[in-house]
Amino acid sequence: MELKAIRLFSVLAEELHFGRAARRAGVTQSVLSVQIRRLEDLLGADLFIRSTREVRLTEVGAVFRDEALGILRRVDQATRAAKAAASGSGRLIRIGITSAVEVSGLMDRIAAFRATRPDIQVLVRELGTVEQEAALGSGEIDIGILHPPLDRPDLIAEVLTEDVFLAVFHPDFFDIGRKATWRKVFAHPLVFYSRRRAPRFYDRLIAFAEHRGLAANIVVEAESFLAAVAMAQAGLGVALLPQQLIPLQRGLTVLPLPGNCPLSLVTAAAIHESRAKDVAVTACLESLSQGV
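These notes cover the structure that comes with them. (Residues numbered from 1 in each chain as written. Predicted model: local features only at pLDDT ≥ 70, side-chain atom pairs only at ≥ 80, totals over all residues. Heavy atoms only, no water.)

1. Here's the deal with the overall build of the protein
Thought 1: When helices and strands are tallied, the protein shows 11 helices and 11 strands.
Thought 2: Expressed along its principal axes, the backbone C-alpha trace of the protein runs to roughly 105 × 35 × 25 Å.
Thought 3: Within the protein, counting contacts between residues at least 6 apart in sequence, those at least 24 apart form 72% of the total.
Thought 4: Surface accessibility of the protein: about 15000 Å² in total, with carbon and sulfur atoms responsible for 53%.
Thought 5: Measuring between centres, the 35 positive side-chain charges of the protein sit 5 Å from its 33 negative side-chain charges. (Helix = DSSP H or I, 4+ residues; strand = E, 2+ residues; numbered from the N terminus. Contact = heavy atoms within 4.5 Å. Areas by Shrake-Rupley, 256 points an atom, 1.4 Å probe, with all protein chains shown as cover. Lys, Arg positive; Asp, Glu negative; His and termini not counted. Charge placed at Lys NZ, Arg CZ, Asp CG, Glu CD.)

Encoded structure:
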C-alpha cells in the first residue's frame, strides 16, 4: 500500500467530489480514480459509493478514513522529528565550563547561541578541566570549555582564547614595587589554582620556579579563580591570575609578570570524537568560535 494512495483517499474523503479532490491533490481525475480503485482492490472492499449525483463513504470507507488520518499524522510527526534531528533542533546541549569561563566573554557567546537557536536547550555546568575530560568521555556533557593540554586522545579541541597572567595583591599587605620580577613574586606567599583542578598548570609553575633556583610557595590553593581573587583581597598571598579577571580585582594592585612567564590561560572548546557529526553540537561549536 503506497502512502500516495492513502493521501489521495484522505483528500477525496474530505471533499467527496472527484473534481475538487483532484485539483486539491494536484492530479488528474483519472489518476485519482485509478489510485482509489487500486486501493479498493487491495482492501477487497468498496471505500466510496459513486453516483452521478454524489460521492459518499461506505462503512468500510469511514473506518479506513479514521485509520488513514492516524497514519498520515504519524508520518508527518516522523518527518518533522527527522528534520529536527537533521537540523539539530529539539536537542539538549550540555556544556561544561571552568570557573575562569564564568567571567569571560565566552559566556556571551553561549548566550548568543541560545538566543539564535531557541529550539536547542542549553544546560551549563561548572567543572574543572580534568572533570570535563572525564565527563566528555562518559557522555555526561556534549561540549567542554576547558584549558588544554588534554590527556584524552579521543577529544577534539579548538582554541577559543588565550590570556596572559598577572600578579595581583592587596597593597596593604604586600609591596612588590612597580615591577614584578620573578624573585620578588616568589619571595611572597602565593595564591594559585588548585592542583586537583589543573595539575599541569600547577606543576608548570612549580617546575619553572625550580628551574630558576627559586621556590613557588603556594600557601593557598583556590578551587576557582574567583576564590583566588577573594583570597588576594583578604591578604592571604600574591595571586597569579589571568588578565580577564581584572574587572573583579577592585582595590588590588595588578602588575604584569615578566615576559618569560610560563603561564597563559588557553581556553578551548572540546568534544568527544563521537560527537563530530552531531548537527546540534557542531552548530554550537561554530557559535562559540565566532570572534576567535
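After that view, the rundown keeps rolling.
2. Examining the nonpolar core
Thought 1: Of all hydrophobic cores here, the largest spans 41 residues; its most connected members are F165, F186, F192, L205, F225, L240 and L241.
Thought 2: At the level of elements, β6 (155-169), α8 (182-186), β7 (190-193), α9 (199-211), β8 (218-222), α10 (225-233) and β9 (238-242) are the ones that each hand at least two residues to this core.
Thought 3: Beyond its immediate sequence surroundings of up to four residues, L241 is in contact with V164, F165, L166, V168, F225, A228, V229 and Q249.
Thought 4: Counting residues in each nonpolar core, the second largest holds 20 residues, with A280, V281, L285 and L288 among its members. (Core = buried A, V, L, I, M, F, W, Y, C linked by side-chain atoms within 4.5 Å. Buried < 20%, exposed > 50% of the residue type's maximum accessible area, 1.4 Å probe, protein only.)

3. Observations regarding the side chain of Q35
Thought 1: Among the secondary structure elements, Q35 is positioned in helix α3 (residues 29-43).
Thought 2: In this structure Q35 comes out as buried when scored by relative accessible area, which is 10%.
Thought 3: Beyond its immediate chain neighbours, meaning those up to four positions away, Q35 contacts E2, A5 and L8.

4. Considering the pairing of β8
Thought 1: With 4 bridges connecting them, β7 and β8 associate as parallel partners. Considered in β8, the bridge of L190 is made with I218.
Thought 2: Regarding topology, α9 serves as the crossover connection from β7 to the parallel β8, and that connection is right-handed. (Pairing = 2+ DSSP bridges. Right-handed = clockwise from strand over helix to strand, strands pointing away.)

5. Let's talk about the packing of helix α6 (residues 106-116) against helix α11 (residues 279-289)
Each packed pair of helices is defined by two parameters, the angle between the axes and the distance between the axes.
Thought 1: Interhelical geometry of α6 versus α11 gives an angle of 130° and a closest axis separation of 8 Å. Classified by the angle between their axes, α6 and α11 sit oblique to one another. Considering how the two elements wind past one another, α6 and α11 form a crossing that is right-handed. Listed contacts from α11 to R109, I110 and F113 of α6 are A280, A283, C284, S287, L288 and S289.
Thought 2: Of the residues in the contact of α6 with α11, the class split is 6 nonpolar, 2 polar and 1 charged. (Axes fitted to C-alpha atoms, helices over the stretch in contact; angles between N-to-C directions. Parallel < 35°, antiparallel > 145°, perpendicular 65-115°, else oblique. Left-handed = near helix turned anticlockwise from the far one by under 90°. Nonpolar A, V, L, I, M, F, W, Y, C, P; charged D, E, K, R; others polar.)

6. A word on α9
Thought 1: The end-to-end C-alpha distance of α9 is 18 Å, a good match for the 18 Å that 13 residues give at a rise of 1.5 Å each.
Thought 2: The complete set of buried residues in α9 reads F201, Y202, L205, F208 and A209. With its buried residues spanning 130° around the axis, α9 presents them on a single face. Exposed residues lying more than 90 degrees from the buried face of α9 are E210 and H211.
Thought 3: Where α9 ends, the next residue or the one after it, G213, has phi of about 75°, a positive value. (Expected span 1.5 Å × (residues − 1). Arc of directions from axis to C-beta.)

7. Brief notes about the packing of aromatic side chains
Thought 1: All chains considered together, the criterion is met by 10 aromatic pairs.
Thought 2: Ring geometry for F9 versus F48: centroids 5.4 Å apart, planes at 55°, classification tilted. One end of the pair, F9, is in helix α1 (residues 3-15); the other, F48, is in strand β1 (residues 48-50), and 39 residues separate them in sequence.
Thought 3: On the basis of relative accessible area, F48 is assigned to the buried category, the value being 2%.
Thought 4: Measuring from centroid to centroid gives 4.9 Å for F9 and F64, while their planes differ by 65°, and the two rings are edge-to-face. On the criterion of sequence distance, the pair formed by F9 in helix α1 and F64 in helix α4 (residues 59-87) is long-range, its members being 55 residues apart. As far as burial versus exposure is concerned, F9 and F64 are alike and both buried. (Phe/Tyr/Trp six-rings, centres within 6.5 Å; stacked < 30°, edge-to-face > 60°.)

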